[in-house]
Amino acid sequence: MYVNDFNQDGKEELAVILYVGSGTTGVSIDELHIISLSEEEYIFTESENETIIPNPMYFKDIVYESDRYHSQLLKEIQLKSYYNSDELWVDVHIGDKKRSVKIGPFEEKLTVKDDTPVLGNIVSFDVEEGRLKAKFALGLLFESWASPYYIGDIYADVNYQMGEFSLENLYFSELEHE
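### What about helix H1 (residues 66-76)?
The complete set of buried residues in H1 reads Tyr69, Gln72 and Leu73. For H1, the angular spread of the buried residues around the axis is 100 degrees, confining them to a single face. Facing away from the buried surface of H1 by more than 90 degrees, the exposed residues are Asp67 and Lys75. Turning to H1, the residues buried within the fold contact strand S3 (27-37), strand S7 (77-84), strand S10 (122-128), strand S11 (131-140), strand S12 (149-161) and strand S13 (164-174).

Below, the structure written as structure tokens:
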């Protein structure tokens, strides 16, 4: 848990990072929550006998839903696989930046199922120097494999404004395979 003014509105919020998913087949998922406090701990009811009751929205939990960051990542990241001299390569495009990654070597010539990035199976969030950060494993699927082959990680700043999350400053870091 981290306390900071994540949206620069002059009031501190609580960031809670929950570890919600794991498995033996390459699944590890964090979930990011921002807990904000209302300025009104109590509210008045609008009835004949106006009474003061606890504000049910005093603590507001805003979750960075996986479908939100997944759809943004798929808009930002494109993969293009190809063979060059019997070596499999993947171009990772993030915005106007491109990185070429050599895949393998493998004992057999593999076919990439399609060039859709595999994202969301390994997700982590953190806070560094008061800023929300995210890391997403980037993989691709081979036709003959059941699990993704991970080629690197996507790092991003998480922007939180007015109850909404977005990813900024995305960059790719290649994994070193032996």
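Read on, since the account is not over.
### Quick notes on the environment of glutamate 76
Along the chain, the position of glutamate 76 falls in helix H1. With sequence-adjacent residues up to four places away left out, glutamate 76 is seen in contact with His93, Ile94, Gly95 and Leu170.

### Overview of the pairing of strand S9 (residues 97-103)
Sheet analysis places strand S8 (residues 87-94) next to S9, joined by seven bridges and oriented antiparallel. Counted as the bridge partner of tryptophan 89 is lysine 102 from S9. Connecting S8 to the antiparallel partner S9 that follows it, the hairpin turn spans two residues, and glycine 95 within it adopts a positive phi of roughly 60 degrees.

### Concerning the environment of isoleucine 94
Tracing the backbone shows isoleucine 94 in strand S8. The exposure class of isoleucine 94 is buried, given its relative accessible area of 9%. Taking C-alpha positions, isoleucine 94 is 9.1 Å from leucine 73, a pair spaced 21 residues apart along the chain. If we ignore the near neighbours within four places in the chain, the residues touching isoleucine 94 are Glu76, Ile77, Ile154, Leu170, Tyr171 and Phe172.

### What about the side chain of aspartate 157?
Considering the arrangement of structural elements, one finds aspartate 157 in strand S12. Judged by its relative accessible area of 11%, aspartate 157 falls in the buried class. Here the side chain of aspartate 157 touches lysine 133 through a polar contact of 2.5 Å, side chain to side chain. Dropping the residues within four chain positions of it, aspartate 157 is found in contact with Arg131, Leu132, Lys133, Ser166, Leu167, Glu168 and Asn169.

### As for the sheet that holds S9
Spatially, S7-S8-S9 is the arrangement adopted by the three strands of the open sheet, whose pairing is antiparallel. In this open sheet, the two edge strands, each paired with only one partner strand, are S7 and S9. The sheet shows a mean angle of 20 degrees between the axes of neighbouring strands, taken without regard to direction. Strand direction decides the pairing type here: S7 and S8, joined by eight bridges, are antiparallel. From the neighbouring strand, lysine 80 faces S8, where its bridge partner is aspartate 91. Against the sheet, H1 contacts S7 and S8, and its axis sits at roughly 50 degrees relative to S7.

### Considering a nonpolar patch on the surface
Side chains of Tyr42, Phe44 and Ile52 sit close together on the surface and give an oily, nonpolar patch of about 360 Å² of accessible area. Judged by its relative accessible area of 55%, isoleucine 52 is exposed.

### Focus on the pattern of salt bridges
Counted by the stated rule, this structure contains seven salt bridges. A salt bridge links glutamate 87 to lysine 102, with the shortest nitrogen-to-oxygen separation between them at 3.2 Å. One end of the pair, glutamate 87, is in strand S8; the other, lysine 102, is in strand S9, with 15 residues separating them in the sequence. Taking the relative accessible area as the measure of exposure, lysine 102 reaches 38% and is therefore partly exposed. Glutamate 174 is paired through a salt bridge with arginine 99; the nearest N and O atoms lie 3.5 Å apart. Placement of the pair is glutamate 174 in strand S13 and arginine 99 in strand S9, with a sequence separation of 75 residues. A residue is classified by how much of its surface remains accessible, and glutamate 174, at 29% relative accessible area, is partly exposed. Through salt bridges that share partners, Arg131, Lys133 and Asp157 make up one connected network.

Definitions and limits used
Residues numbered from 1 in each chain as written. Predicted model: local features only at pLDDT ≥ 70, side-chain atom pairs only at ≥ 80, totals over all residues. Heavy atoms only, no water. Buried < 20%, exposed > 50% of the residue type's maximum accessible area, 1.4 Å probe, protein only. Helix = DSSP H or I, 4+ residues; strand = E, 2+ residues; numbered from the N terminus. Arc of directions from axis to C-beta. Contact = heavy atoms within 4.5 Å. Pairing = 2+ DSSP bridges. Polar contact = N/O pair within 3.5 Å; in protein donor to acceptor, adjacent residues only side chain to side chain. Axes fitted to C-alpha atoms, helices over the stretch in contact; angles between N-to-C directions. Patch = residues over 30% accessible without salt bridge, like charges linked within 9 Å, V, L, I, M, F, W, Y side chains within 5 Å. Areas by Shrake-Rupley, 256 points an atom, 1.4 Å probe, with all protein chains shown as cover. Salt bridge = Lys/Arg side-chain N within 4 Å of Asp/Glu carboxyl O.

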